[in-house]
Structure formats: structure tokens, C-alpha cells
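Reading the structure
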Amino acid sequence: MGSDDLFNRRKARAQKPHKRDSKNLSPKQVILIVCEGEKTEKNYFETLKKQLNLTNANVLIDPNSDSTPSSVVGYTEQKLEQDPNEYDEVYCVFDRDTHKDFDRALDMATNFNRAKNTTIETIVSDPCFEYWILLHFTKTSKIFGGSGGSPCKELQQEKVFKKNMKNYTKDYNFEKIIEKYLATAIKNANEINSQNEAQRQTPYTQIVHLVERLQKLAMQ
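What counts and how
Residues numbered from 1 in each chain as written. Predicted model: local features only at pLDDT ≥ 70, side-chain atom pairs only at ≥ 80, totals over all residues. Heavy atoms only, no water. Phe/Tyr/Trp six-rings, centres within 6.5 Å; stacked < 30°, edge-to-face > 60°. Helix = DSSP H or I, 4+ residues; strand = E, 2+ residues; numbered from the N terminus. Buried < 20%, exposed > 50% of the residue type's maximum accessible area, 1.4 Å probe, protein only. Axes fitted to C-alpha atoms, helices over the stretch in contact; angles between N-to-C directions. Parallel < 35°, antiparallel > 145°, perpendicular 65-115°, else oblique. Left-handed = near helix turned anticlockwise from the far one by under 90°. Contact = heavy atoms within 4.5 Å.

Considerations on the packing of aromatic side chains
Considering all chains together, one arrives at 10 aromatic pairs under this definition. Aromatic side chains Tyr44 and Phe174 sit 5.3 Å apart centroid to centroid with 65 degrees between the ring planes, which places their arrangement in the edge-to-face category. Here Phe174 lies in the loop between helix 7 (159-164) and helix 8 (175-196) and Tyr44 lies in helix 2 (residues 40-52), a separation of 130 residues in the sequence. We classify Tyr44 as buried; its relative accessible area is 0%. Under the relative-accessibility criterion, Phe174 is labelled buried at 0%. Considering the side-chain rings of Phe137 and Tyr181, the 5.2 Å spacing of their centres and the 75 degrees angle between planes classify their relative orientation as edge-to-face. Here Phe137, found in the loop between helix 5 (129-134) and helix 6 (151-156), pairs with Tyr181, found in helix 8; they are 44 residues apart in sequence, far enough to count as distant. Among the residues examined, Phe137 registers a relative accessible area of 18% and is labelled buried.

Right, dumping it as C-alpha cells:
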């Protein structure tokens, strides 16, 4: 899914009548980001939100689903079923990694969007979110996990990753890294994605589309 596709979907949705009661309608857009049940993605996006000073959008980052792709999508669907008019944009962030339910998760989002006339955007990193982090420091199209082990663990053993992400844990503080290297990550990701994303050829990361969307919101 490229940035043009995301834009076209949002444009189509924006032209629909908004169902929320105008008495309760906030002037801020409400953005929901659902990520896996770990701290990493939440910490990153909370830090980015703070640095962008997103005052014109209410960005809700929910890490309460389980860690499989289908769980992320399923949890998101439950939230939309409970309150279908609450969110202006909805993003599911999950990894390809070695998850056997990856394709099922993509199908779940597609089928839900068709059935409910909604737009859940899936934001995938292949092999994992840490690939997006790695791109803050270097541009690489190396394929991880080729030996049969965990691609994410192998990625974290990369010399560049270990050098720049000392003492990396799930609750890592990304403040300095985002401040210093975000532009590099965006450039590297877009260049890699131009070759790999459309065919879902590892590695690629759609995190860059969500980051650029948040940047655009911050400038409005």
C-alpha cells in the first residue's frame, strides 16, 4: 500500500457524511493507532507525537491487543464495532516476522472495510518494526532470517543496530533518535519501499507512510 493509495482512501472517506453528532464533534481529527501488545511501537509513536506537537489531532495509541497480526486487526474491529463513529482515521501496525496469520490479518481488514464501509489501514513492517529503527542509521535491503532463525533477532544483531541502539529494550527512549535521524529514516524507507513494497518483498516498512501522515497533520 503506497502513500497515494492511503491518500485516495482518506479522500474518499472525507467525502462521506460524518455520522457523529455535531454537538459532540471535536474540531480535532481523531486518529487511532493500534499496535502489538508491546511497548516498543507505543513508545516510538508517543515520542513522535510529542515532538511533532500534534495539537490539531487527537492521536490515540493503543497497544492492548495481543502480538499477532490477526489479533491487532481483530482488536481494532472490536473497537470500531463498539463505537463506529469515534475515529476519523484508523491504523493497524504489525510485523510480518514469521507470523503464520499475516495474510489472514490483511484479509480480515479488507473484508471488514467492505462489510462496514470503513477504512482500516494496515501498516506493515517486514520483517519487523526494528527494521524501521535500523533505517534511521543506514539504508539496507538485506534479507534477515534467511538461516531459519528469527529475522527480528537477527536484525538486532546487526553491527549498526547494536552500535546505535545500546541497551535496546521494549521500553527504549526514542527521543534523541527521532530528533536526530527521522529524516534519514524517511528517505531510506521510501527508497527501499520503491523497490520492495508493491510486491511485498522483504524488507520494507510502511511505518514511513504513517509517520509522514502525522507530519502532515502537524503542519495543518
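Some points on the packing of helix 2 against helix 9 (residues 207-219)
Angle between the axes and distance between the axes: these two values describe a pair of packed helices. Across the interface, helix 2 lies against helix 9 with an axial gap of 10 Å and an inter-helix angle of 25 degrees. On the basis of the axis angle, helix 2 is roughly parallel to helix 9. In the packing of helix 2 onto helix 9, the handedness of the crossing is right-handed. Residues Phe45, Leu48 and Leu52 of helix 2 form the contact with helix 9, whose participating residues are Ile207, Leu210, Val211, Leu214, Gln215 and Ala218.

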